[in-house]
Amino acid sequence: MQVLISLHDVTPAHRPRLERADLMFADLGVSRVSYFVVPNFHGIYPLRHDVSFADWCARPRPFEVDWVLHGYYHLETGRPSANPTASVKRALLTGGEGEFLALNHAMQHERLLAGLATLRELGLATDAFVPPAWLSNRQLHPALRDVGLTYTEDHWFVTDVKSGARRLAPAIAWATRSVVRRVGS
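Note that the structure is a prediction, hence the values are computed from the model and not measured.

Asker: Would you mind going over the overall build of the protein chain with me for this structure?
Answerer: Broken down by element type, the protein chain carries 6 helices and 8 strands. Along its sequence from the N terminus, the protein chain presents helices and strands in the succession β-α-β-β-β-α-β-α-α-α-β-β-β-α. Taken across its 185 residues, the protein chain has 38% of its residues classed as buried. Within the protein chain, contacts between residues at least 6 apart in sequence are counted, and of these 64% link residues at least 24 apart. Surface accessibility of the protein chain: about 10200 Å² in total, with carbon and sulfur atoms responsible for 57%.

Take a look at the structure:
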C-alpha cells in the first residue's frame, strides 16, 4: 500500500507545529511529505519577504518535500454560494476555511497566480494545488490548467487536471479545531 502524507496549513502561524512535524516525520523514517503552503494565512501571515520562513522552507530534511499551493488566504473571503450542496459542505466540513468553494474562475485564477508568485519568491517550485478543506467548485480545474498546475486532490481523488485522469485516494484527515471536526475526521 502506498500512502501520501501531507501537512496542511504550512505558514508561520503554525511554526511550532511544523517544527514538531518535521521531527516526527524524521523519527518515523518517512521518505516523502507534501507540505501544503498558504501564502497569506488568514490575511495576517504573508510569506512575501519572510526571510526566516524562507530559511525554514529551504533547510535540509532527511525526507523529500513536495511543496503544494494550498489556497491563498485559506479563509473564505468571497460571498458564500447559494448552492445548497456548497452550504452543507461549508457547514459540515469547515469553519469558514473553504476559500475556493465560492470563488468564480477569475478570482481563482488571480489567487492561484498570486500564490505561485509567492512560492517562487521563497524559492519553492510546485505543480500542485489543493484547495483548503478540499472544497472547490467546477471552475477550479480550468483555472488550474490556465496557470499551468498539473494536479489537485479532493476528499476522494487525486486528479491530473491536464488529462482528467483520476486516482482513488481517499483522504484520512485529523482535524483538531473542535470536537465535531475531530470526530468527523
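Asker: Help me understand the sheet that holds strand β5 (residues 64-69), please; the structure alone is not making it clear to me.
Answerer: A sheet is described by the order of its strands in space; here 3 strands give the open sequence β1-β2-β5, paired in parallel fashion. Here the strands that pair on one side only, and so sit at the sheet edges, are β1 (6-10) and β5. Along the sheet, successive strands turn relative to each other by an average axial angle of 25°, direction set aside. Note that β1 and strand β2 (residues 32-37) share 3 bridges and pair parallel. When the bridges of β2 are listed, L7 appears paired with Y35.

Asker: Teacher, can you tell me more about the confidence of the model for the protein chain here?
Answerer: Caution applies to low-pLDDT regions: their predicted coordinates should not be interpreted in detail. Across the protein chain, the average pLDDT comes to 87, with 83% of residues at or above 70. At the low end of the mean pLDDT range in the protein chain sits helix α6 (residues 179-184), at 50; at the high end sits β5, at 98. Considering only residues more than four positions removed or in separate chains, one finds that residues 181-185, a stretch of pLDDT under 50, has 11 contacts.

Asker: Help me out: how do you make sense of the pairing of strand β7 (residues 157-160) in this one?
Answerer: Looking along a regular strand, one sees the side chains alternate between the two faces of the sheet. The pairing of strand β6 (residues 151-153) with β7 spans 3 bridges and is classified as antiparallel. Pairing of Y151 across the sheet is with D160, part of β7. Note that β7 and strand β8 (residues 166-168) share 3 bridges and pair antiparallel. What sits directly across from F157, in β8, is L168. Between β7 and β8, which pair antiparallel in sequence order, lie 5 residues; one of them, G164, sits at a positive phi of approximately 85°.

About the criteria used
- Residues numbered from 1 in each chain as written.
- Predicted model: local features only at pLDDT ≥ 70, side-chain atom pairs only at ≥ 80, totals over all residues.
- Heavy atoms only, no water.
- Helix = DSSP H or I, 4+ residues; strand = E, 2+ residues; numbered from the N terminus.
- Buried < 20%, exposed > 50% of the residue type's maximum accessible area, 1.4 Å probe, protein only.
- Contact = heavy atoms within 4.5 Å.
- Areas by Shrake-Rupley, 256 points an atom, 1.4 Å probe, with all protein chains shown as cover.
- Pairing = 2+ DSSP bridges.
- Axes fitted to C-alpha atoms, helices over the stretch in contact; angles between N-to-C directions.
- pLDDT = per-residue confidence, 0-100.

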